[in-house]
Amino acid sequence: MSIPSTRFPGGRPRLLLNAFLMNTTSHIRGGQWRHPDAEQHRFNELSFWTDLARQLEAAKFDALFFADVVGLYGDHDGGWSSHVRRGLQVPANDPLLLLAALSGATRDIGLAATSSVVQSHPFQFARQLSTLDHLSGGRAGWNIVTSVLENAHRNFGGDGLTEHDRRYDWADEYTDAVYKLWEGSWDDGALVQDKASGVHADPDKVHKIHHRGERYSIDGPHLSSPSPQRTPVLFQAGSSGRGQQFAAANAEATFIFAPNHAHAAKVSAGVRARAAEAGRLPDDIKVFTGLSFVVGGTEAEAQRKKAEQDEYLDLDAVIAHIGGGLGIDLGGLDLDTPLGDVQTEGGRGVLQAIIDSTPGGNPTLADVARYRTEAQQVTGTPEQIADELERWQDAGVDGINIINAILPGSYTDFIDGVLPELRRRGLAQGEYAPGTLREKLFGAGPLLNERHRASQFRGAFTPENTLATPGVTR
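Residues numbered from 1 in each chain as written. Predicted model: local features only at pLDDT ≥ 70, side-chain atom pairs only at ≥ 80, totals over all residues. Heavy atoms only, no water.

Visitor: Whenever I open this one, empty space enclosed by the protein confuses me. Can you help?
Guide: Remark: the empty space left among the atoms is shown by a probe the size of a water molecule rolled over them. Inspection of every chain in the model, using the stated rule, returns three cavities of 30 Å³ or more. Counted as a void, the largest cavity has a volume near 120 Å³. In terms of lining residues, the largest cavity is bounded by 15 residues, among which Thr25, Ser26, His27, Gln40 and Asn404 are the most central. When the residues that make up the lining of the largest cavity are grouped by side-chain class, the tally is seven nonpolar, seven polar and one charged. (1 Å grid on protein atoms, 1.4 Å probe; cavity = no way out; pocket = protein on both sides within 12 Å on 5 of 7 lines; lining within 4 Å. Points joined across faces, edges and corners; volume = space filled by probe spheres on them. Nonpolar A, V, L, I, M, F, W, Y, C, P; charged D, E, K, R; others polar.)

Visitor: What am I meant to see in the nonpolar core here?
Guide: Generally speaking, a soluble globular protein has its nonpolar side chains buried in company with each other. Counting residues in hydrophobic clusters, the biggest one holds 79 residues, and the most contacted among them are Trp49, Phe61, Phe293 and Tyr411. If one sorts the elements of this core by residue count, helix α6 (residues 164-184) sits on top with nine residues. Discounting residues that sit within four places of it in the chain, Phe61 has contacts with Leu17, Asn18, Ala19, Leu56, Ile109, Ile402, Tyr411, Phe414, Ile415, Leu419, Gln429 and Tyr432. Counting residues in each nonpolar core, the second largest holds 14 residues, with Leu313, Val318, Ala366 and Val368 among its members. (Core = buried A, V, L, I, M, F, W, Y, C linked by side-chain atoms within 4.5 Å. Buried < 20%, exposed > 50% of the residue type's maximum accessible area, 1.4 Å probe, protein only. Helix = DSSP H or I, 4+ residues; strand = E, 2+ residues; numbered from the N terminus. Contact = heavy atoms within 4.5 Å.)

Visitor: Help me understand the environment of Gln124, please; the structure alone is not making it clear to me.
Guide: Positionally, Gln124 belongs in helix α4 (residues 122-136). Owing to a relative accessible area of 38%, Gln124 belongs among the partly exposed residues under this scheme. For Gln124 and Glu150, which are 26 residues apart along the polypeptide, the C-alpha to C-alpha distance reads 23 Å.

Visitor: Sorry if this is basic, but what is going on with the packing of aromatic side chains here?
Guide: Evaluated as defined, the whole model comprises 17 aromatic pairs. Taking the centre distance of 6.3 Å and the plane angle of 75 degrees together, the rings of Phe61 and Phe414 count as edge-to-face. In this pair, Phe61 sits in the loop between α1 (46-58) and β2 (63-67) while Phe414 sits in helix α14 (residues 409-424), placing the two residues 353 residues apart along the sequence. Of the two residues examined, Phe61 and Phe414, each falls in the buried class. Arranged with centres 4.8 Å apart and planes meeting at 55 degrees, the rings of Phe125 and Trp142 form a pair that is tilted. Of the two residues, Phe125 is situated in helix α4 and Trp142 in strand β4 (residues 140-145); the sequence distance between them amounts to 17 residues. Across this residue pair, the class does not change: Phe125 and Trp142 are buried. One aromatic cluster is present, built from ring pairs that chain together Phe20, Phe65, Phe235, Phe255 and Phe288. Between Arg215 and the ring centre of Trp170, over which it is positioned, the NZ or CZ distance is 3.6 Å. (Phe/Tyr/Trp six-rings, centres within 6.5 Å; stacked < 30°, edge-to-face > 60°. Lys NZ or Arg CZ within 6 Å of the ring centre and 35° of its normal.)

Visitor: Explain α4 to me, please; I cannot follow it from the model alone.
Guide: Since one α-helical turn is 3.6 residues long, residues separated by three or four positions face the same way. Taking 1.5 Å as the rise per residue, α4 with 15 residues should run 21 Å; its terminal C-alpha atoms sit 21 Å apart, in good agreement. When we look at burial in α4, the residues that qualify are Pro122, Phe125, Ala126, Leu129, Ser130, Leu132, Asp133 and Ser136. One face of α4 carries all of its buried residues, which in axial projection span an arc of 160 degrees. The secondary structure elements touched by the buried residues of α4 are α3 (95-103), β3 (110-116), β4, α6 and β8 (217-218). After α4 finishes, the residue Gly137 shows a positive phi value of roughly 70 degrees. (Expected span 1.5 Å × (residues − 1). Arc of directions from axis to C-beta.)

Visitor: Any chance you could explain the pattern of salt bridges here in plain terms?
Guide: A side chain of one charge can pair with a side chain of the opposite charge if their charged atoms are brought near each other. Following the criterion strictly, the structure yields 29 salt bridges and no others. Put simply, Asp62 and Arg14 hold a salt bridge, and the shortest N to O gap is 2.8 Å. Placement of Asp62 in the loop between α1 and β2 and of Arg14 in the segment before β1 (16-22) is noted, with a sequence separation of 48 residues between them. Accessibility expressed as a relative area gives 3% for Asp62, which makes it buried. Judged by relative accessible area, which is 23%, Arg14 ranks as partly exposed. Put simply, Arg154 and Glu150 hold a salt bridge, and the shortest N to O gap is 2.9 Å. (Salt bridge = Lys/Arg side-chain N within 4 Å of Asp/Glu carboxyl O.)

Visitor: I tried to follow the side chain of Ser225 on my own but got confused; where do I start?
Guide: Its place among the elements puts Ser225 in the loop between β8 and β9 (233-236). The residues contacting Ser225, other than those within four sequence positions of it, are His134, Trp186 and Leu191.

Visitor: Would you mind going over the side chain of Arg12 with me for this structure?
Guide: Take Arg12: it is sitting in the segment before β1. Residue Arg12 is classed as buried on the basis of its relative accessible area, which comes to 18%. There is a polar contact of 3.5 Å between the side chain of Arg12 and the backbone oxygen of Glu390. Only 2.9 Å separates the side chain of Arg12 from the side chain of Asp394, close enough to count as a polar contact. What Arg12 contacts, discounting residues up to four positions off in sequence, is Glu390, Gln393, Asp394, Gly426 and Leu427. (Polar contact = N/O pair within 3.5 Å; in protein donor to acceptor, adjacent residues only side chain to side chain.)

Visitor: Which parts of the structure should I look at to understand the environment of Thr358?
Guide: One can find Thr358 in the loop between α11 (348-357) and α12 (365-374). Classification of Thr358 as buried rests on a relative accessible area of 5%. In the structure, Thr358 is positioned 48 residues away from Asp310 in sequence and 20 Å away in space, judged by C-alpha atoms. Here Thr358 is in contact with Pro363, Asp367, Val368 and Tyr371, once residues within four sequence places are set aside.

The structure is reproduced here in structure tokens:
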């Protein structure tokens, strides 16, 4: 869409900018890997990612944010072979291993990864994130997810998809366990490393946690000493009422899908209101939305580049992504099929929600696919794009997860074209602030503030209460 050039007054906070990535060929915009300039088919090559990470760090992006799934999307066209044929997030590699490698190739950019409560035991996961935070000098982030894909649950021993609210009950216990390990197991100053006395760590300041819950039994202590942030920066993307409740208690940044500014304003206000209800300040949570950009020196050039990209957009892959995430097989249907004509047993309410949120009354499958991609895409000159980003700011958005169509070209175009205009307006940083990722994002200390629920576990464990009361959980 073309964007009218309307300017707003200055004095705005800067926008937070993350590169939204996945260690796979086809992430969000299906089919774009076939574009002649696209290099994301090189996702197995470490040099591909180190080059991109250094480019983004030189541009002073806040973080590399890696999405992840641990299972196939639901059936499309009667099975899962369509996902493999199209490369719909399969094959996909483990982002934590990649981020460990990228920590040695960068110095300041944040390193955030998605990890589901389904896939890793909290004791092991807490150790992995502490290690990444140590190796990176305090730049680790965690996107907390509960996994909506049935195949993901079956891959880790489940009988099927755990019921929605129960998944968040699971996440409550999971986060309790890792917070105890990160925040409560080691006191400040426990790691002495005194060569003269031979005391490496003070055992009176290292505690077992003796977590006993419905799903996990963990004695501890945490095997990693406290990392620069102790707890990594916490991201979360739940949009349901239960998901927003979880985010209000846990998230430092939340991701929203907002098809327009009005929706973003409503959701961001709701996020901040829930944070206040949870005893936190509204500004304790940063709100991010996902957008992709097509940048041109003129409107005509931008529209030409968009049309070129659209030639490679695989609408069937977009539909497979949407339907698979909802557990509805939309394959085998003509793209001109109105969604109101689709017959389904289990997902009628979800399907109706898609119909209601897509303009046109009774949109076709192609309409939905195009709307999903168009609603997250901004096309125009650098000035027009900067104007549009100011509108998103006015709607309560603090940052953008920049979705790519072509790697590295999507980011190269944004860096070369849009960033200079954002910096001219004071909307993008020209240098990194010192310190950890949390310090860079919030301008405060390296640790979670006392309003976050994890802070209750600091000093909660002593040699007396953990040894004498093995059932203690808080």
